[in-house]
There are 6 protein chains.
Amino acid sequence: MANAMLLPVLISFLVLPFSALALTQDFCVADLSCSDTPAGYPCKTGVGAGDFYYHGLAAAGNTSNLIKAAVTPAFVGQFPGVNGLGISAARLDIAVGGVVPLHTHPAASELLFVTEGTILAGFISSSSNTVYTKTLYKGDIMVFPQGLLHYQYNGGGSAAVALVAFSGPNPGLQITDYALFANNLPSAVVEKVTFLDDAQVKKLKSVLGGSD
Amino acid sequence: MANAMLLPVLISFLVLPFSALALTQDFCVADLSCSDTPAGYPCKTGVGAGDFYYHGLAAAGNTSNLIKAAVTPAFVGQFPGVNGLGISAARLDIAVGGVVPLHTHPAASELLFVTEGTILAGFISSSSNTVYTKTLYKGDIMVFPQGLLHYQYNGGGSAAVALVAFSGPNPGLQITDYALFANNLPSAVVEKVTFLDDAQVKKLKSVLGGSD
Amino acid sequence: MANAMLLPVLISFLVLPFSALALTQDFCVADLSCSDTPAGYPCKTGVGAGDFYYHGLAAAGNTSNLIKAAVTPAFVGQFPGVNGLGISAARLDIAVGGVVPLHTHPAASELLFVTEGTILAGFISSSSNTVYTKTLYKGDIMVFPQGLLHYQYNGGGSAAVALVAFSGPNPGLQITDYALFANNLPSAVVEKVTFLDDAQVKKLKSVLGGSD
Amino acid sequence: MANAMLLPVLISFLVLPFSALALTQDFCVADLSCSDTPAGYPCKTGVGAGDFYYHGLAAAGNTSNLIKAAVTPAFVGQFPGVNGLGISAARLDIAVGGVVPLHTHPAASELLFVTEGTILAGFISSSSNTVYTKTLYKGDIMVFPQGLLHYQYNGGGSAAVALVAFSGPNPGLQITDYALFANNLPSAVVEKVTFLDDAQVKKLKSVLGGSD
Amino acid sequence: MANAMLLPVLISFLVLPFSALALTQDFCVADLSCSDTPAGYPCKTGVGAGDFYYHGLAAAGNTSNLIKAAVTPAFVGQFPGVNGLGISAARLDIAVGGVVPLHTHPAASELLFVTEGTILAGFISSSSNTVYTKTLYKGDIMVFPQGLLHYQYNGGGSAAVALVAFSGPNPGLQITDYALFANNLPSAVVEKVTFLDDAQVKKLKSVLGGSD
Amino acid sequence: MANAMLLPVLISFLVLPFSALALTQDFCVADLSCSDTPAGYPCKTGVGAGDFYYHGLAAAGNTSNLIKAAVTPAFVGQFPGVNGLGISAARLDIAVGGVVPLHTHPAASELLFVTEGTILAGFISSSSNTVYTKTLYKGDIMVFPQGLLHYQYNGGGSAAVALVAFSGPNPGLQITDYALFANNLPSAVVEKVTFLDDAQVKKLKSVLGGSD
């Protein structure tokens, strides 16, 4: 049939009309060996399927610590495939009695999805200092707007696990206690800008390793 | 102690210096009764904790259909709290043998997190038509760059479930088969722009309810 | 002269070629009576020069309070002309011994310009909790990246004044102490997510008006 | 055949899994009867194919004026379908000896495509005041970066026509001569801020209809 | 005259007040020898007028192929001057009977301007699979929203030509047929995710050069 | 007390849960030795507090020139800490009788804050060529929308000083007179695109150093 005979010829012609389309940026897997830029890392070459895949959230984080919780990030630093794509993730493991302390993500909003157990979560608005809290069960989701203080803790009798997604590849994580007590910010300054008592500041600095 | 006596007085004074800060936009929960804008819906008033919470992904979608799969969205239309926050979510249920057909999200990148079972997923780049595929097990994540064709199907012997997060509150979903065969696009046009045979087009139009 | 005679004719013709150009958006002064959107307020009509001008930062804020400081905002809520323009301002008055407590701006970076006195300022990075501090004199500027905890206090023997500019029309202001102690967040939750002692939390809740 | 019999059943099932996807924003045709926002107009309802189509650039603009040129815009005000899509267009007709005077587009870069004749075009950089000029023939394109002063004039012996595309739906057009001489900006101020001579200013104000 | 005598002195003084303004980024012509970033290529040095000019769309593309059409791109890869400017272009040549097959641009909206002949064009929305089609004559424009499937074909008795502008410097081009049939995506997978028959898939894979 | 004894142990455990968080981008101080990108300069390493501080605006600019004014920039080129943060600044010194000539900032809106003296400022809209002017006294602020022509001059009997903030790290500065008269743009072209008289153009070209 004439049609059948024409077909083998089609390929060489059909490819031609668009053959000049190189350098298209469908994605930009981070080359972490380069300097970052305000829009993310330069793109690596030689990309494969593995660059868009990450196994690091499959295993539970180690919650054998005093906060009985672990945050396992899949940010651009761990998962270079999200570079430039406006999204990243993390896994939250919170043992019974565990807590993810008060913190913000300066560079992204957060969406939390409970996969196991019960999580009590809340965030605080900036203008009115209004508290928004929910008890979240398996399958529930909650969203935390960018830059606002929030926390999560286990509210049940078994381990809780959540997948957390962020609206950017590098959301950042600023834990209030670490910012105040785990560095060389002088106790006198901490007290001045927080109205906390000297004894309280020194106690937590001692606990978190900050110098006085 | 003088200090203790001063403290009750502090509140009335401390609040004053910042009392003029109203109208701050920490978030903008969608008022779906208003017209959308290019940046999202106008903000509703009277926001509560429930606006940042969504229960609709907790239950499995009904996969008793021929594709044996269900996509349950938590986009701005279902979950108004994500309006303006650059993120949304969906739940994917894929029964044994089920498939989420070839599709794109015109307005967001996607991050998939497997919570149960095994999912075979792939996407295709635009320039070189390169195929990137992975077999994903529980706890694995994969990212699909914005606007590129991709698919997921169950690759195991039990039901698969995934949480999907998007880099925007309204990602859109364009299923290639629906775009071609589930509307009034004439068969002759479909054939002209896809090189599909007439019988194939008419068969799928019949299946998917498109007019000839 | 022929040239001179032609000139009066020019206007009627020259105007014509571009007369269809209406609806151009050079600016979008906020109509604060409308609902906000994720990109800012709808534009008001009947704009005049006064909409781009604000007098409210000319007078010193009242620092006769226990923190001996005042923040006078010129955000979109006070100065509707900045709507959509990616910038806003505030005036900082800090009396001797005064302090602007630890806080973040969730939605903007800040640039501080000292116009009088001496200000000690610092911010804390998220990843390494590194503290960046400077003593600022008249004419000095310092920039505070979006979303990071920072503070300012008077470091001299006279009143300090600063103009503060923000990289957005509605930067927000979340004062850590207010978020923790000036609302109905239960003391037990505050203690759980901050590791502060019960007595400390209750003392500051009492001072700042939070319920227990 | 069993397969054939199954197919008619497919449609009712296949549609179900995604039926909850309403409110998706593929586009946002401007409702020009509403107030604009910083991100564009609210979306109209009842959209049809005609909303994405514009006939107004098909006819030549009237160049029977002293500048012997006409700019016919297809901005959001004329072509509401481009709202929110980051693009718009205009038609340029320049008769022999005609000129599009020095101007900027405050809100978009411009890409010019010559469809007839010869156009001499140039733009001037801000830092070094470097002039970039080209003679453009049919089929040539030139790009003018956002906000920079540029001009076009007919450089041949026949009428020139160009299609101009912009990187935004509402690029704006600020013609330097109009800004200086076609309004009530006092001559003394014009002279002060431009170093132009009084006679020159008054002559052009008279021509362009500005009050003294 | 005193005025005339003062003028030659002006230059040395006038230049001084702003002489520190270097490093201003009016534009950022792509240095294609560097790695791309999520925001575009690093800027080249030594820019000239030729960097903002492109001649490659002046000549008709070769339509002596089976689809009887050619797309000639002026994306950042061909026209480095558009880097960072939010715009790019292409030329469309469609011979009588020719067609630009069903495709998307993942990273830009498209504005089509017909310069010769008649083009039938259409796009399909994502939510409702609504088809929007128009017959376009010389001078008509049509806009295709980002990421949505669309097509163009010659609807007249003579060659059709169009200039196409995009709302980004690197729009991408994903032709559905190429994504499905011109690579190593196994036929079984194509069939699973498209519901196409095996014979149809193998026929088009053979035509387009895909491996089985 | 058991509590006290546990505390020293806390640090080693508490640090662990989040220890994998490297590569977070709180800021991106410009490495000016690298090529710029469309989103700003690559980030330097080894950042210190000094990178977020700039002293260069503390001293008055030299106004001993014919315009009796000086603009001292703190753009990314002078103050690398603002890279990627969406803000920058400048100092304006205007002696009695001094003027900042008509200009635009192609890449930012401007917010002016008067710290000394009286400044007359105005800008001109693009569509209607409407003039918006204000007399600004110490403490007043005015905002100038991106890309629009504006000017400032001293309106009082003493030196005027202002801090200027911009909504971007690299706003650009295009002074109309410089663009027209301080380069090699031929007088004939200037006259053609501005309608200025030949004598006027040549006079100002001579003053500002442009070649004829």
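Residues numbered from 1 in each chain as written. Chains lettered and ligands numbered in written order. Predicted model: local features only at pLDDT ≥ 70, side-chain atom pairs only at ≥ 80, totals over all residues. Heavy atoms only, no water.

### Overview of the sheet that holds strand β3 (residues 88–94) of chain D
Strand order in the open sheet formed by six strands is β2(D)-β3(D)-β10(D)-β5(D)-β8(D)-β1(E), with antiparallel pairing between adjacent strands. The open sheet has two edge strands, β2 (69–74) of chain D together with β1 (53–54) of chain E, and neither has a second partner. Strand direction decides the pairing type here: β3 of chain D and strand β10 (residues 160–166) of chain D, joined by seven bridges, are antiparallel. Of the residues in β10 of chain D, the one forming a bridge with R91 of chain D is L163 of chain D. (Pairing = 2+ DSSP bridges. Helix = DSSP H or I, 4+ residues; strand = E, 2+ residues; numbered from the N terminus.)

### Side note on the nonpolar core
Counting residues in each nonpolar core, the largest one holds 400 residues, and the members touching the most others are I141 of chain A, I141 of chain B, I141 of chain C, I141 of chain D, I141 of chain E together with I141 of chain F. With near-sequence residues (within four places) excluded, I141 of chain C lies in contact with L111, L112, F113 and L136 of chain C together with F52, Y53, Y54, L57, A74, F79 and A89 of chain F. (Core = buried A, V, L, I, M, F, W, Y, C linked by side-chain atoms within 4.5 Å. Buried < 20%, exposed > 50% of the residue type's maximum accessible area, 1.4 Å probe, protein only. Contact = heavy atoms within 4.5 Å.)

### Structural notes on the interface of chain E and chain D
Every contact between the two is made by 50 residues of chain E and, on the other side, 50 residues of chain D. Between chain E and chain D, roughly 4000 Å² of surface is buried when both sides are summed, and carbon and sulfur atoms account for 72% of that area. The tally of links between chain E and chain D comes to zero salt bridges. For the pair chain E and chain D, the number of links is 12 residue pairs in polar contact (both at pLDDT 80 or more). Per element, the largest residue contribution to the side of chain E that touches chain D is five residues, and it comes from strand β7 (residues 131–136) of chain E. The class makeup of the residues in the side of chain E that touches chain D is 30 nonpolar, 16 polar and four charged. Inspection of the sheet shows strand β1 (residues 53–54) of chain D paired to strand β8 (residues 141–144) of chain E by two bridges, in the antiparallel sense. (Buried area = accessible area lost by both parts, 1.4 Å probe. Salt bridge = Lys/Arg side-chain N within 4 Å of Asp/Glu carboxyl O. Polar contact = N/O pair within 3.5 Å; in protein donor to acceptor, adjacent residues only side chain to side chain. Nonpolar A, V, L, I, M, F, W, Y, C, P; charged D, E, K, R; others polar.)

### Focus: helix α4 (residues 198–208) of chain B
Residues and elements named next belong to chain B. Among all positions of α4, only Q200, V201, L204, K205, V207 and L208 are buried. For α4, the angular spread of buried residues about the axis comes to 160°, placing them on one side. Once α4 ends, the next one or two residues include G209, with phi positive near 90°. (Arc of directions from axis to C-beta.)

### Here we look at the environment of A160 of chain A
Residues and elements named next belong to chain A. Along the chain, the position of A160 falls in strand β10 (residues 160–166). Judged by its relative accessible area of 1%, A160 is buried. Residues A160 and E110, 50 residues apart in the sequence, show an inter-C-alpha distance of 18 Å. Apart from residues lying up to four places away in sequence, A160 is in contact with L92, D93, I94, E116, G117, T118, I119 and N154.

### Points about the confidence of the model for chain A
Of the residues in chain A, 89% have a pLDDT of 70 or more, and the chain-wide mean is 90. Scored below 50 in pLDDT, residues 1–16 of chain A makes 17 contacts in the model with residues more than four places away or belonging to other chains. (pLDDT = per-residue confidence, 0-100.)

### Describing the packing of helix α3 (residues 187–194) of chain D against helix α4 (residues 198–208) of chain D
In a packed pair of helices, the relevant descriptors are the angle between the two axes and the axis-to-axis distance. Residues and elements named next belong to chain D. It is at 10 Å that the axes of α3 and α4 come closest, and there the two elements cross at 125°. As the angle between them shows, α3 and α4 are arranged oblique. When the axes of α3 and α4 are compared, the crossing they make is right-handed. Two secondary-structure elements touch here, α3 through S187, V190 and E191 and α4 through D198, V201, K202 and K205. Here the residues of the contact of α3 with α4 sort into two nonpolar, one polar and four charged. (Axes fitted to C-alpha atoms, helices over the stretch in contact; angles between N-to-C directions. Parallel < 35°, antiparallel > 145°, perpendicular 65-115°, else oblique. Left-handed = near helix turned anticlockwise from the far one by under 90°.)

### Some words on the relation of the copies chain E and chain D
After a rotation of 180° and a shift along the axis of 0.0 Å, chain E superposes on chain D with an RMSD of 0.0 Å. Considering both components of the superposition, the chain copies are consistent with a two-fold axis. Closest approach to the rotation axis among the C-alpha atoms of chain E is made by S167 of chain E, whose C-alpha sits 2.8 Å away. When you check the interface residues of chain E against chain D, 100% turn up at the interface there too, and the contact is symmetric in its surfaces. (Least-squares fit on C-alpha atoms with pLDDT ≥ 70 in both.)

### Structural notes on the pattern of salt bridges
According to the stated counting rule, one finds 24 salt bridges over all chains in the structure shown. A salt bridge links K203 of chain C to D197 of chain A, with the shortest nitrogen-to-oxygen separation between them at 2.7 Å. Of the two residues, K203 of chain C is situated in helix α4 (residues 198–208) and D197 of chain A in the loop between α3 (187–194) and α4 (198–208); the pairing between them involves two chains. A salt bridge links D93 of chain B to R91 of chain B; the nearest nitrogen and oxygen atoms lie 2.8 Å apart. For D93 of chain B, a relative accessible area of 5% translates into the label buried. R91 of chain B sits in the buried class, given a relative accessible area of 10%.

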